[in-house]
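Here is how the chains run, residue by residue.
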2 protein chains.
Amino acid sequence: MNRVYNFSAGPAVLPEEVLKEAAGDMLDYKGSGMSVMEMSHRSQVFQDIIDEAEADFRELLSVPDNYKVLFLQGGASQQFAAVPMNLMKNKVADYIITGNWAKKAYEEAVKYGDAKPVASSADDNFSYIPDCSDLPIRENADYVYICENNTIYGTKFHTLPDTKGKNLVSDVSSCFMSEPVDVSKYAVLYGGVQKNIGPAGLVISVIRDDLITEDVLPGTPTMLSWKTQADKGSLYNTPNCWAIYVCGLVFKWLKKNGGLEAARERNEKKAALLYDFLDNNSLFKGTVRRADRSLMNVPFITGDKELDVEFVKEAAANGLVNLKGHRSVGGMRASIYNAMPYEGVEKLVGFMKKFAVEH
Amino acid sequence: MNRVYNFSAGPAVLPEEVLKEAAGDMLDYKGSGMSVMEMSHRSQVFQDIIDEAEADFRELLSVPDNYKVLFLQGGASQQFAAVPMNLMKNKVADYIITGNWAKKAYEEAVKYGDAKPVASSADDNFSYIPDCSDLPIRENADYVYICENNTIYGTKFHTLPDTKGKNLVSDVSSCFMSEPVDVSKYAVLYGGVQKNIGPAGLVISVIRDDLITEDVLPGTPTMLSWKTQADKGSLYNTPNCWAIYVCGLVFKWLKKNGGLEAARERNEKKAALLYDFLDNNSLFKGTVRRADRSLMNVPFITGDKELDVEFVKEAAANGLVNLKGHRSVGGMRASIYNAMPYEGVEKLVGFMKKFAVEH
C-alpha cells in the first residue's frame, strides 16, 4: 500500500484512521453481524448511527436548538432548486455571484421566481469577494444567497454580507466544518459532504425551523420539500446510509482532535505555509486577492501554461496528486481540506521549491 | 466476526466477497494510493469505475443500444416526481396500484397532471396482482406505470400488463437483476439499488433514448431532468461514487456466477424451498395468491400475533435477523435477494420446522 497526498477539490482526502475503521467494520459492524451497507435504515443499529452523527455534528458546530439538521441526497446542485422551492414565499431572492456554483444556484432560482444578482466578482474572473456591506437588498427578498467558499476560484467570505435583516442562505460545501461558525447568523447553511466531511452523495442542511413549512412552491417534488425530510428525521425514504456512517466517523475524529477550533488552527497553519511560499518565491503566484483567500482551496500559476502542465505531471510522479487547476482558472489548485495532513503541504511546498530551482 | 443471515427488505445482504474486496481496497484502490471515497469523480480512475459498472450492467441485463443507463440519487421516491416531470407531455398517465410504492408514485404524479389508477389490488390488501390483460388505458396516456415487485406485500408481475401500445414505466427496485428481463418491453425501468445490487443512495434508470428530451414540465429541477444526467454521463454533479463502485463489484460477482440466468435459477431454488414449506406445514402460511408470489420477498404469518413476535425474536437469537413483517401485512417477511445464500434459506426453514414442532 502506497498512499498519496491527494489535493483533489472533491471528493477529497479522508482521515486515514477513518478509512481503517470503515474497512475493519466492513463485514460486522459492532457485533451486528452485517455491514453498515446491509442494514435496514429502519433498524435500531442504523438509527443509533444517524442519531449519533447528528448529535456530534450539532456539538461540533454548536447548532442551536431551533435549527434542524437534515441528511439529504442529490448534492448541492439539488439544493439549488430546493432553496427557492422551500423559501420563495414572495418569489424574490437576491444572489451574490462569486463563482460558478453561485451562478448555477442563481440560474436555477430564476426558474422559480424573481432571482437577481445584487453583487458579482465576475469582472475579474471571480478572484475576489465583492464588498457586501451595503448591497441593494430588496425589501421583499425572501433570502440572500451566497456560496461561502468558492472551490474553483479559491476565495472565501471572511465577513458575511450585510443582508439588511433578510435570511442568509449559504452553500458551505468546500469550507464545511473547517472552522467554527456562528450558525445563528444563517437561515440555511448547507453543503455537500464530499470535500471536508465524507464520501459523495450526501448533503447536510442546517435550517432554522421556522423556515420548514408545508408552504412550498406548487410542483415541489415531495423529496425536495424540507418538511418531508424534517418530519421523518431524514428517513422519509432510504438515505445514503453509508455516507452518514462515514461522516459520523469523521465527526468522532474531529472531536478527538479538538473540535473545530483546533481544526481551524491546523487549517490556518497549513494555508499559511503554502501562501507564505507563494508570496515569497519568484516562480509561482496565487491568483486570489489576499484578503479573500480561502483556507481550503489554493489556486496558483506559474504564468507559463506548459510549465504548469509539467509541474502537475512531475508532482503526481512524486505522490502529490490532483493538483491540476480548474479550467476556469488554469494552472494549479491545491485543496487542503481538514484531512490533508500538515506533512502533505510541507511535501508540496518542498516540491515547489525544488521545481522552482530547476525551472 | 459472526455474520448473521440478514433477511432485511432493504438495505439488504450483499455478497461477502464483495464486502471483503471493498474492505481490501479501502486505503488504496488498485494502486491509486487512495480510497474510492477520496477520488475526484472527474478522474480517469473513477471514470473507469463508472464505465465498467455501466458496461457490466448492460451486459448482464442485455440493455439494447437505444437505452441510456443513468446513475441517479434520491431513491425511487425521487423518480416518482421525475417520471411525470420527464414524460407527461399530454399530462395523462395511468397507474396500476399494487401496493404502497405504486400508490405513492401515483400520488406524486397527481401533482403534475391527470394521473389515474386503472387497476388496483387494494381490495384484498394488495395480496395479488390484478388482471392487466385488458385495462382501460387512455388513448392519450403518456405512460402506464407499475411497481413490478411489491416489497411489502410479496407480489410480482409475472406477466407485464398489456399497455395497449403505451410506454411502460416500471419500478423494479426489489427485483432488480434477480432474473433476466426483456428491456425492450419497457420505456423506463428503474430501481433503487439497495435491495439486490448495492448500498443505499443510488438509483439506476434505464430509459429509451427517444424519451430523454429537453421538453420537461416547467419547473423541473435541473437535477431531475433525465437529459441533464444523460448528457453528462451521470456526472452532471458529483454522484454517489461509492455506491457506483460497490454496484460494479456486485456486477462482477454476478457475471462470475453465471449472469442473470444463473441468478434466476438460484433465486427460484431458494424461493421454492421456502414456499414449499409454507404450503406444507400447519403453523405458517403465505399471505400472497400463489400465482403472484415474488421470488424476492416472502411474507408469512402464523395467524397468532403473539406467536409471530415470539418467532421473530427467537429467530434473531438464532442468527436469522430482520424477519419482522411490514406493519401493513404483519407477521413475518423473509427477503431473499440475490446475495442471500441457499444455506440461509435452509437455516430459516429448519428453524421454522423446529419452531412449528415446539409451538
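Up top is the structure.
Not measured: the values here are computed from a predicted model.

Enquirer: Explanation requested: the nonpolar core in the structure shown.
Expert: Counting residues in each nonpolar core, the largest one holds 196 residues, and the members touching the most others are A:Trp242, A:Phe311, B:Trp242 and B:Phe311. Aside from chain neighbours lying at most four places away, what touches A:Trp242 is A:Ala22, A:Met26, A:Val36, A:Met37, A:Pro199, B:Met26, B:Met37 and B:Trp242. The next biggest cluster of nonpolar side chains, apart from the first, holds 72 residues, and it includes A:Val83, A:Ala115, A:Leu224 and B:Ala105.

Enquirer: Which parts of the structure should I look at to understand the sheet that holds strand 11 (residues 285-286) of chain B?
Expert: Each strand in a sheet pairs with another by means of backbone hydrogen bonds, the pair being arranged parallel or else antiparallel. Residue and element names in this part refer to chain B. Strands sit in the order 11-12-14 across an open sheet of 3 strands; the sheet is antiparallel. The sheet is open, and its two borders are formed by strand 11 and strand 14 (332-335), each paired with just one other strand. Note: strand 12 (residues 297-301) against strand 14, 4 bridges, orientation antiparallel. Each bridged residue has a counterpart across the sheet, and for Val298 the counterpart in strand 14 is Ala334.

Enquirer: What's the story with the packing of helix 1 (residues 16-24) of chain A against helix 6 (residues 241-256) of chain A in this structure? I'm lost.
Expert: Between two packed helices, what matters for the description is the angle formed by their axes and the separation of those axes. Residue and element names in this part refer to chain A. At their nearest, the axes of helix 1 and helix 6 sit 10 Å apart, and the two run at 135 degrees to each other. Put simply, helix 1 runs oblique to helix 6. Relative to helix 6, the crossing made by helix 1 is right-handed. Where helix 1 abuts helix 6, its residues Glu17, Val18, Glu21 and Ala22 lie against Trp242, Tyr245, Val246, Leu249, Val250, Trp253 and Lys256. When grouped by side-chain class, the residues that make up the contact of helix 1 with helix 6 number 8 nonpolar, no polar and 3 charged.

Enquirer: Would you mind showing me how to read the layout of surface pockets here?
Expert: Any empty space left between atoms is shown by rolling a water-sized probe over those atoms. Each pocket or cavity is described by its volume, and for the largest pocket that value is around 1200 Å³. Lining of the largest pocket is provided by 47 residues; of these, A:Ile152, A:His326, A:Arg327, A:Arg333 and B:Arg42 occupy positions nearest its centre. When residues of the lining of the largest pocket are traced back to their parent elements, those giving at least two are helix 3 (75-87), helix 4 (100-110), helix 8 (305-317) and strand 14 (332-335) of chain A. If you tally residues by element for the lining of the largest pocket, the top one is helix 8 of chain A, at 4 residues. Here the lining of the largest pocket is built from residues that sort into 13 nonpolar, 23 polar and 11 charged. Roughly 1000 Å³ of volume is contained in the second largest pocket. Taken together, 38 residues make up the lining of the second largest pocket; nearest its centre are A:His41, A:Arg42, B:Trp101, B:His326 and B:Arg333. Sorting the residues of the lining of the second largest pocket by element identifies helix 3 (75-87) and helix 4 (100-110) of chain B as the ones contributing at least two each. Per element, the largest residue contribution to the lining of the second largest pocket is 4 residues, and it comes from helix 3 of chain B.

What counts, and at which threshold
Residues numbered from 1 in each chain as written. Chains lettered and ligands numbered in written order. Predicted model: local features only at pLDDT ≥ 70, side-chain atom pairs only at ≥ 80, totals over all residues. Heavy atoms only, no water. Core = buried A, V, L, I, M, F, W, Y, C linked by side-chain atoms within 4.5 Å. Buried < 20%, exposed > 50% of the residue type's maximum accessible area, 1.4 Å probe, protein only. Contact = heavy atoms within 4.5 Å. Pairing = 2+ DSSP bridges. Helix = DSSP H or I, 4+ residues; strand = E, 2+ residues; numbered from the N terminus. Axes fitted to C-alpha atoms, helices over the stretch in contact; angles between N-to-C directions. Parallel < 35°, antiparallel > 145°, perpendicular 65-115°, else oblique. Left-handed = near helix turned anticlockwise from the far one by under 90°. Nonpolar A, V, L, I, M, F, W, Y, C, P; charged D, E, K, R; others polar. 1 Å grid on protein atoms, 1.4 Å probe; cavity = no way out; pocket = protein on both sides within 12 Å on 5 of 7 lines; lining within 4 Å. Points joined across faces, edges and corners; volume = space filled by probe spheres on them.

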